[in-house]
Amino acid sequence: MSIRDRGLKKWHGFFMPEHTGELKNIWLEDQRIAMPILDEYQLQEFEESLRYAIDYKLHVDIEVYVDGFIENKHGFVQRLDQITKEISLKAFNGELTVIKFKEILKVKVEK
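So, here is what we can say about the structure in this document. In this text, all values refer to a predicted model and were calculated from it rather than measured experimentally.

All right, on to the overall build of the protein then. Along the protein, the regular secondary structure elements total two helices and five strands. Overall, the protein shows an N-to-C arrangement of helices and strands of α-α-β-β-β-β-β. Within the span of the protein, comprising 111 residues, buried residues form 23% of the whole. Within the protein, counting contacts between residues at least 6 apart in sequence, those at least 24 apart form 51% of the total. Only carbon and sulfur atoms are counted for the fraction: they give 55% of the accessible area of the protein, which is about 9,000 Å².

Below is the structure:
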């Protein structure tokens, strides 16, 4: 006579879907960072780099702060709007992204 064991299936019932979702939210909250404070010199340097990239049609790598996380954006700067303080970045796949100037953390121009 053999015992009908469910194997590992019996161990999967300990976490309810609500628990796993909440654990994921807690983990995401733990990974968030505060918005770094940039001085006026850094902002001016970013603007000069972006203008240089527009003038010579160069590829840029931009680090952007979004909801507590840092995202990297790559592409060509299409437009730098002084009034709304936004830039338009065209990615290699043709997608156009609008980035607010206050969200930019780092600009690197590829030469």
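Here the narrative resumes, following the displayed structure.
So, about the side chain of His59. Position of His59 among the secondary structure elements: in strand β1 (residues 59-66). When sequence neighbours within four positions are dropped, the list of residues in contact with His59 reads His74, Gly75, Phe76, Phe92, Lys108, Val109 and Glu110.

Pairing in this open sheet of five strands is antiparallel, and the strands run β4-β3-β2-β1-β5 from one edge to the other. Edge positions in the open sheet fall to β4 (96-100) and β5 (104-109), since each of these has one partner strand only. Averaged over all neighbouring strand pairs, the angle between strand axes comes to 45°, with direction disregarded. Summarising the sheet, strand β2 (residues 69-81) and strand β3 (residues 86-90) pair through five bridges and their orientation is antiparallel. Residue pairing in the sheet places Phe76 in a bridge with Lys90 of β3. Sheet contacts for helix α2 (residues 40-56): β1, β2, β3 and β5; angle to β5, the most-contacted strand, approximately 40°.

For the rest of this paragraph, the subject is the packing of aromatic side chains. Scanning the entire structure with this criterion turns up two aromatic pairs. When the ring of Tyr52 is compared with that of Tyr56, the centres are 4.9 Å apart and the planes differ by 50°; the resulting orientation is tilted. Of this pair, Tyr52 and Tyr56 both sit in helix α2, four residues apart, which is roughly one turn of that helix. Considering the side-chain rings of Phe76 and Phe92, the 5.7 Å spacing of their centres and the 90° angle between planes classify their relative orientation as edge-to-face. Taken together, the positions of Phe76 in strand β2 and Phe92 in the loop between β3 and β4 put the pair 16 residues apart, joining distant regions of the chain.

Bringing the pattern of salt bridges into the picture now. Enumeration over the complete set of coordinates arrives at five salt bridges. For Arg79, the salt bridge identified is with Asp81, shortest N-O distance 3.6 Å. Lys108 is the salt-bridge partner of Glu110, the closest N and O atoms lying 3.9 Å from each other. Classification of Glu110 as partly exposed rests on a relative accessible area of 29%. Taking relative accessible area as the criterion, Lys108 reaches 47% and is therefore assigned partly exposed.

All right, on to the nonpolar core then. If you look at the biggest cluster of nonpolar residues, it comprises 16 residues, and the most contacted ones within it are Leu50, Ile62, Ile87 and Ile104. Of all the secondary-structure elements, those providing two or more residues to this core are α2, β1, β2, β3 and β5. Contact partners of Ile104, with chain neighbours within four places excluded, come to Leu38, Phe46, Leu50, Ile62, Glu63, Ile87 and Ile99.

Reading guide: rules and limits
Residues numbered from 1 in each chain as written. Predicted model: local features only at pLDDT ≥ 70, side-chain atom pairs only at ≥ 80, totals over all residues. Heavy atoms only, no water. Helix = DSSP H or I, 4+ residues; strand = E, 2+ residues; numbered from the N terminus. Buried < 20%, exposed > 50% of the residue type's maximum accessible area, 1.4 Å probe, protein only. Contact = heavy atoms within 4.5 Å. Areas by Shrake-Rupley, 256 points an atom, 1.4 Å probe, with all protein chains shown as cover. Pairing = 2+ DSSP bridges. Axes fitted to C-alpha atoms, helices over the stretch in contact; angles between N-to-C directions. Phe/Tyr/Trp six-rings, centres within 6.5 Å; stacked < 30°, edge-to-face > 60°. Salt bridge = Lys/Arg side-chain N within 4 Å of Asp/Glu carboxyl O. Core = buried A, V, L, I, M, F, W, Y, C linked by side-chain atoms within 4.5 Å.

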